[in-house]
Structures are given as structure tokens and as C-alpha cells.
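So you can see what is in the structure, the chains are spelled out below.
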Amino acid sequence: MSETRKPWHGVIVATGLPFHDDLSVDFEAYGESVAHLAEQGMHGVAPNGSLGEYQTLTYEERDRVVETAVANAPEGFTVMPGVGAYGGREAERHARFAKDAGCQAVMCLPPNAYRADDRAVLEHFERVASVGLPVTAYNNPIDTKVDLRPDLLAKLHAEGFIVGVKEFSGDVRRCYEISELAPGLDLMIGTDDTVLEVALAGAKGWVAGYPQVFPRACLALYEASVRGDLETALPLYRQLHPVLRWDSKTEFVQAIKLGQEMTGRRGGVCRPPRQPLAPETEAVVRAATQALIDAGVN
């Protein structure tokens, strides 16, 4: 990894969280997963995001997840926890814990208790930024119902509240508008099935799900995409896309955990309200994953 890499640059894996059969958190398995991702060449992890089922965790569990990630992160490996919460006071609290635990940055959703207006969004990010860690915004209007539009992101950046944005809207067209309105704001790939398109639009990082299943192939795809090497990137992207697209579907947590199990990693069950994959859905995910395994993708 480059010494000049900013903590939120590169492939930052939005880690899933393994649970025991009684649905308590398996912190030992989680720590091993973080160490494994570092060994595979990833640049960091983002615990307590949507993939980490943060909504179902207690504060104590969220804190221990962060501590476990930091304890298993080698030097130069980023830990950028999600601090998503209903309100700014709660998000600020999680950011402060992350700072005290030794994290290098945080990833922040807008307030998601209701469809917040721009004033509420600005105040929310101001609170989180006041902690003193770099903040990457997480734009997920599908789940939060709050759209961090390019003009709103530009305001947040101009105020010094955010350094980057995980763009999860799936609308690649807005990436160019973001760079026009806020040229200093770092664009980060937010959906695994738009890696190539957003990388070509100038992304500096990828907050990623599927590197937990196929780490080396995903890293190769990212590196080829950001350097504009279409001869390498496009065939690999086509090969991986049948699984990558599941990162943008409602069942993304279950799909990635299934992929982990199929490749010899610890995935396991989800906490309610997430249910096991329906049989017909599991069959599709399993077939797509198995095809890549059979092809020698790792």
C-alpha cells in the first residue's frame, strides 16, 4: 500500500458480521476475517455498515466490533466504521468512540429516522465532523429516503464536514456532477455492480462487499478499473457481474454470507428481521457463485 494513500482510498471492505447460533456476535471470527482481508491485500474495513447489520446491534456490540477491527488491523490498514444512526447525537457518539479507539475515518449516513431536509442533513454531518475524524458520507437514498444530491454533497464538502462520498444511488451520471460541483470531494464506489463505471468517473476508493468472497479478483478488478485498463477490467467485470449485482439487492447480506460459506470463510446466519434466502433466490446466488469457484476465481 502506498504511504501517501488517504485512509478512505482503495478497497475498503464493508464487513459482514458473523453470529453464533444463538445470534450473539462471534467476535473471534470477525477479528479473523479482518486479519484475512488485510492479508489478501485489501486497504481497510468499514465495520458497522449495512452489511454489518448495524441496525440490529446494541451500542456495546457496535463498540466491541470497532475495537475488534482495530485490534486485528495491521499498520496502514484503515478501520472506517459506519456511524449510522437515527439522529446526530447518536452518530456523533459513535464517531467519538471510533476516534478514541484509534480509527482513521468514519462513514456516515444522513439521519434516517424520517425524510430529513437539507438543514437537518447539514446539522447532522456538522455534529459528526466536530469529533475531528475525516467523514465520508454514505449516500443510500434507497434505504434512508434521504438523497445526498450532488449540490447537497457540495455544500457538505464546502463546509468542511465531509472528505468523500460512498455513492450508492446506482446513478453513475451523478458522479460527473459531483466532480463538477465539488472537485475536491473524493468519489467512492458504493455498489459492487458499478465498479467499472464509477472508477472510470474518477473514484478514489471502493466501499465493497464482494471482496469478502473473491478478494483477489475484486482487487484486480478495482486496480484495472481505476487505471483505465479496459482490456483487463472489462472481461473480469463481465465474469464477476452475476455475483456483484447482488450487492445492490435487498438480500445482499445473505448473498455475501452465502458466498463466504461457499469459499471456506465464515458467513453464517443473519439477525432478524433478515430471513434466510428464499430457496429460489438461494439457487440463483449459489449457481452464480459456484460458476466462479469452478472457473478458479478467488
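Note that this is a predicted model, so its numbers are computed, not measured.

A. Structural view of the overall build of the protein chain. When helices and strands are tallied, the protein chain shows twelve helices and eight strands. In terms of overall dimensions, the protein chain has a C-alpha envelope of 50 × 45 × 40 Å along the principal axes. When the 298 residues of the protein chain are sorted by exposure, 58% land in the buried category. Within the protein chain, counting contacts between residues at least 6 apart in sequence, those at least 24 apart form 71% of the total. Summed over all atoms, the accessible surface of the protein chain reaches about 12,500 Å², with 50% contributed by carbon and sulfur. Distance between charge centroids for the protein chain: 2 Å, based on 29 positive and 41 negative side chains.

B. Quick look at the packing of aromatic side chains. Counted by the stated rule, this structure contains two aromatic pairs. With a centroid separation of 6.1 Å and 75 degrees between ring planes, the pair formed by Tyr138 and Phe168 is classed as edge-to-face. Taken together, the positions of Tyr138 in strand β5 (residues 135-139) and Phe168 in the loop between β6 (164-167) and α7 (173-181) put the pair 30 residues apart, joining distant regions of the chain. Taking NZ or CZ as reference, Lys166 lies 4.0 Å from the ring centre of Tyr138, over its face. Between the NZ or CZ atom of Lys249 and the centre of the ring of Trp246, over which it lies, the distance is 5.4 Å.

C. Representation of helix α10 (residues 230-244) within the structure. Between the first and last C-alpha of α10 there are merely 18 Å, a value that for 15 residues lags more than 12% behind the 21 Å anticipated at 1.5 Å per step. At Arg238, α10 shows its largest bend, some 40 degrees, and a proline, Pro242, comes one to four positions later. Next to the buried residues of α10 lie α8 (195-200), α9 (215-226) and α12 (279-294).

D. Structural view of the sheet that holds strand β8 (residues 205-208). The sheet built from eight strands is open, its strands ordered β3-β2-β1-β8-β7-β6-β5-β4 with parallel pairing. Looking at strand neighbours, the two that pair on one side only are β3 (78-79) and β4 (106-108), the edges of this open sheet. By the bridge criterion, two bridges tie strand β2 (residues 44-45) to β3 in an arrangement that is parallel. Each bridged residue has a counterpart across the sheet, and for Val45 the counterpart in β3 is Val79. Across the sheet, α7 touches β5, β6 and β7 (186-189), and the angle it forms with β6 is around 170 degrees.

E. Representation of the packing of α9 against α10 in the model. It is the contact of α9 with α10, at a shortest axis distance of 9 Å, that shows an interaxial angle of 135 degrees. Between α9 and α10, the angle falls in the class oblique. The handedness of the crossing between α9 and α10 is left-handed. Contacts between α9 and α10 involve Ala217, Cys218, Ala220, Leu221, Ala224 and Ser225 from the former and Thr232, Ala233, Leu236, Tyr237, Leu240 and Leu244 from the latter.

F. Spatial organisation of unusual backbone geometry. For the bond from Pro272 to Pro273, the omega torsion is 15 degrees, close enough to zero to count as cis. With respect to the helices and strands, Pro273 occurs in the loop between α11 (252-262) and α12. Here the phi dihedral of Leu23 falls at roughly 70 degrees; this positive angle occurs in a residue that is not glycine. In this model, Asn48 sits at a positive phi of 60 degrees, which is unusual for a non-glycine residue. Along the chain, the position of Asn48 falls in the loop between β2 and α2 (59-71).

G. Examining the state of the cysteines more closely. A full pass over the atoms with the stated rule returns zero disulfides. Between Cys218, a cysteine without a disulfide, and Cys175, which holds the nearest cysteine sulfur, the sulfur-to-sulfur distance is 19 Å. On the accessibility criterion, Cys218 (1% relative accessible area) is buried.

H. Summary view of the layout of surface pockets. In this structure, the largest pocket spans a volume of roughly 680 Å³. For the largest pocket, the lining is made up of 30 residues, of which Ser50, Tyr54, Gln55, Asp143 and Arg274 are closest to its centre. Only α2, α3 (88-101) and α5 (141-144) provide two or more residues apiece to the lining of the largest pocket. It is α5 that provides the largest number of residues to the lining of the largest pocket, a total of three residues. Among the residues making up the lining of the largest pocket, the classes are represented as eleven nonpolar, ten polar and nine charged. Reported here for the second largest pocket is a volume of approximately 260 Å³. Along the wall of the second largest pocket there are 13 residues; nearest its centre are Gly268, Val269, Cys270, Pro276 and Leu277. The element contributing the most residues to the lining of the second largest pocket is α11, with four residues. Classifying every residue of the lining of the second largest pocket gives six nonpolar, three polar and four charged.

Definitions and cut-offs
Residues numbered from 1 in each chain as written. Predicted model: local features only at pLDDT ≥ 70, side-chain atom pairs only at ≥ 80, totals over all residues. Heavy atoms only, no water. Helix = DSSP H or I, 4+ residues; strand = E, 2+ residues; numbered from the N terminus. Buried < 20%, exposed > 50% of the residue type's maximum accessible area, 1.4 Å probe, protein only. Contact = heavy atoms within 4.5 Å. Areas by Shrake-Rupley, 256 points an atom, 1.4 Å probe, with all protein chains shown as cover. Lys, Arg positive; Asp, Glu negative; His and termini not counted. Charge placed at Lys NZ, Arg CZ, Asp CG, Glu CD. Phe/Tyr/Trp six-rings, centres within 6.5 Å; stacked < 30°, edge-to-face > 60°. Lys NZ or Arg CZ within 6 Å of the ring centre and 35° of its normal. Expected span 1.5 Å × (residues − 1). Bend = angle between axes of the 7 residues up to and from the residue. Pairing = 2+ DSSP bridges. Axes fitted to C-alpha atoms, helices over the stretch in contact; angles between N-to-C directions. Parallel < 35°, antiparallel > 145°, perpendicular 65-115°, else oblique. Left-handed = near helix turned anticlockwise from the far one by under 90°. Disulfide = S-S within 2.5 Å. 1 Å grid on protein atoms, 1.4 Å probe; cavity = no way out; pocket = protein on both sides within 12 Å on 5 of 7 lines; lining within 4 Å. Points joined across faces, edges and corners; volume = space filled by probe spheres on them. Nonpolar A, V, L, I, M, F, W, Y, C, P; charged D, E, K, R; others polar.

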